[in-house]
Amino acid sequence: MRQAAKGALTATGARPGPRRPETLATVAGHDLVADPSGALWWEAPRTLVVSDLHLEKGSAHAARGIFLPPYDTAATLSALRAVMARYRPARVILLGDSFHDGGGPDRMATDDRQGLLALQRGADWVWIAGNHDPDLSGAGFAGLHATQFVEAGLSFVHIPSQAAAAGEIAGHLHPVARIAGRGRSVRRRAFVGDGTRLVLPAFGAFTGGLNVLDPAIRSLFGRTFSVLAVGDEAVYPVGRASCLPD
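These numbers come from a predicted model, not from an experiment.

Describing the nonpolar core
(1) Moving on: Leu48, Leu80, Phe99, Leu116, Trp125 and Trp127 are the most contacted members of the largest nonpolar core, which totals 26 residues.
(2) Moving on: Among the secondary structure elements, those contributing two or more residues to this core are strand 5 (47-50), helix 2 (72-87), strand 6 (91-94), helix 4 (110-120) and strand 7 (124-128).
(3) Moving on: Element by element, the count of residues in this core is highest for helix 2, at five residues.
(4) Moving on: Apart from residues lying up to four places away in sequence, Trp125 is in contact with Leu80, Met84, Val92, Leu94, Leu116, Leu119, Gln120, Ala142, Gly143 and Leu144.
(5) Moving on: Grouped together as the second largest cluster of nonpolar side chains are 21 residues, Ile93, Leu95, Leu198 and Leu200 included.

Looking at the environment of Ala109
(1) Moving on: Among the secondary structure elements, Ala109 is positioned in the loop between helix 3 (104-107) and helix 4.
(2) Moving on: On the accessibility criterion, Ala109 (40% relative accessible area) is partly exposed.
(3) Moving on: Separated by 36 residues in sequence, Ala109 and Thr73 have C-alpha atoms that sit 9.0 Å apart.

Re the packing of aromatic side chains
Aromatic ring pairs are defined here through the distance separating the ring centres and the angle between the ring planes.
(1) Moving on: One pass over the full model with this rule turns up seven aromatic pairs.
(2) Moving on: For the pair Phe221 and Phe225, a centre-to-centre distance of 5.3 Å together with 35 degrees between the ring planes defines the contact as tilted.
(3) Moving on: With a relative accessible area of 7%, Phe225 lands in the buried category.
(4) Moving on: Taking the ring centre of Phe225 as reference, the NZ or CZ of Arg240 above it sits at 4.4 Å.

Quick notes on helix 2
(1) Moving on: Compared with the 22 Å implied by 1.5 Å per residue over 16 residues, the 23 Å span of helix 2 between its first and last C-alpha is a close match.
(2) Moving on: After helix 2 finishes, the residue Arg88 shows a positive phi value of roughly 50 degrees.

Considerations on the pairing of strand 5
(1) Moving on: What you see with strand 5 is no split at all: Thr47 and Val49 on one side and Leu48 and Val50 on the other are buried throughout.
(2) Moving on: Across three bridges, the pairing between strand 4 (residues 40-42) and strand 5 is antiparallel. The residue of strand 5 that forms the bridge with Trp41 is Leu48.
(3) Moving on: The antiparallel pairing of strand 4 with strand 5 creates a hairpin that spans four residues between the two strands, and Arg46 there sits at a positive phi of about 50 degrees.
(4) Moving on: For strand 5 and strand 6, the ladder comprises four bridges, and the chain directions are parallel. Paired with Thr47 across the two strands is Arg91, which belongs to strand 6.

Regarding the pairing of strand 12 (residues 175-181)
Taken residue by residue, a regular strand's side chains alternate between the two faces of the sheet.
(1) Moving on: As paired strands, strand 12 and strand 15 (residues 210-211) are joined by two bridges and run parallel to one another. Residue pairing across strands places Pro175 opposite Leu210, the latter belonging to strand 15.
(2) Moving on: Sheet topology note: the strand 12/strand 13 (residues 184-193) ladder contains six bridges and is antiparallel. By the bridge assignment, Ala177 is partnered in strand 13 with Arg188.
(3) Moving on: A loop of two residues connects strand 12 with strand 13, the two strands running antiparallel in sequence, and Arg182 in this loop sits at a positive phi of about 55 degrees.
(4) Moving on: In the sheet, strand 12 pairs with strand 18 (residues 243-244) via two bridges, with the strands oriented antiparallel. Across the sheet, residue Arg178 finds its bridge partner in strand 18, namely Leu244.

Conventions and cut-offs
- Residues numbered from 1 in each chain as written.
- Predicted model: local features only at pLDDT ≥ 70, side-chain atom pairs only at ≥ 80, totals over all residues.
- Heavy atoms only, no water.
- Core = buried A, V, L, I, M, F, W, Y, C linked by side-chain atoms within 4.5 Å.
- Buried < 20%, exposed > 50% of the residue type's maximum accessible area, 1.4 Å probe, protein only.
- Helix = DSSP H or I, 4+ residues; strand = E, 2+ residues; numbered from the N terminus.
- Contact = heavy atoms within 4.5 Å.
- Phe/Tyr/Trp six-rings, centres within 6.5 Å; stacked < 30°, edge-to-face > 60°.
- Lys NZ or Arg CZ within 6 Å of the ring centre and 35° of its normal.
- Expected span 1.5 Å × (residues − 1).
- Pairing = 2+ DSSP bridges.

Here it is as structure tokens:
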């Protein structure tokens, strides 16, 4: 994983104008852009990858008498709309738990549902099944619905495999890094990988996180792995020594 400044794409690519310095995550020989939104950009096939949107989490909690501000779906879709406007993907891959539960699509406000349908126009969507939303095929959202999507040596899944999995790109674990610095610590969403596989941070507005030093994450990798912490405007490589347990 490394940072590399690149020039603007051509008019047939993604974005006009100058681009911010990029932080690259290499997976099985592919250089992918780790975006500050928490999304992953695969430039050659113009593919945007996001994980764990957990749409309608607020309404799911409300149904159980736990009341949260009911704006998580709108906030998450707004963030997705913004990153799609910058990259203009030909394809969007969602790595599962796009909804917090199977009833989420039916609880969506009309404006949110129409907003999601509008985002689907002009791009192919791949919906990977998650443990929270194992089957969205009947929810009225177009695209390929699958448990796994494989292309060019990369395998897109929801739950990371416990076995060695070269080229695997997964979600589910919501990695976050607690980072030491200047007498205090900050907690940031994070990409975690070792060059052969990668775990994405959660994209959703109401999602929590699991520390990158937790055994559930550390056990996926060998003796070394890299952490890319998501900042407000950029993604930053963080040394293991700077990562603190909770």
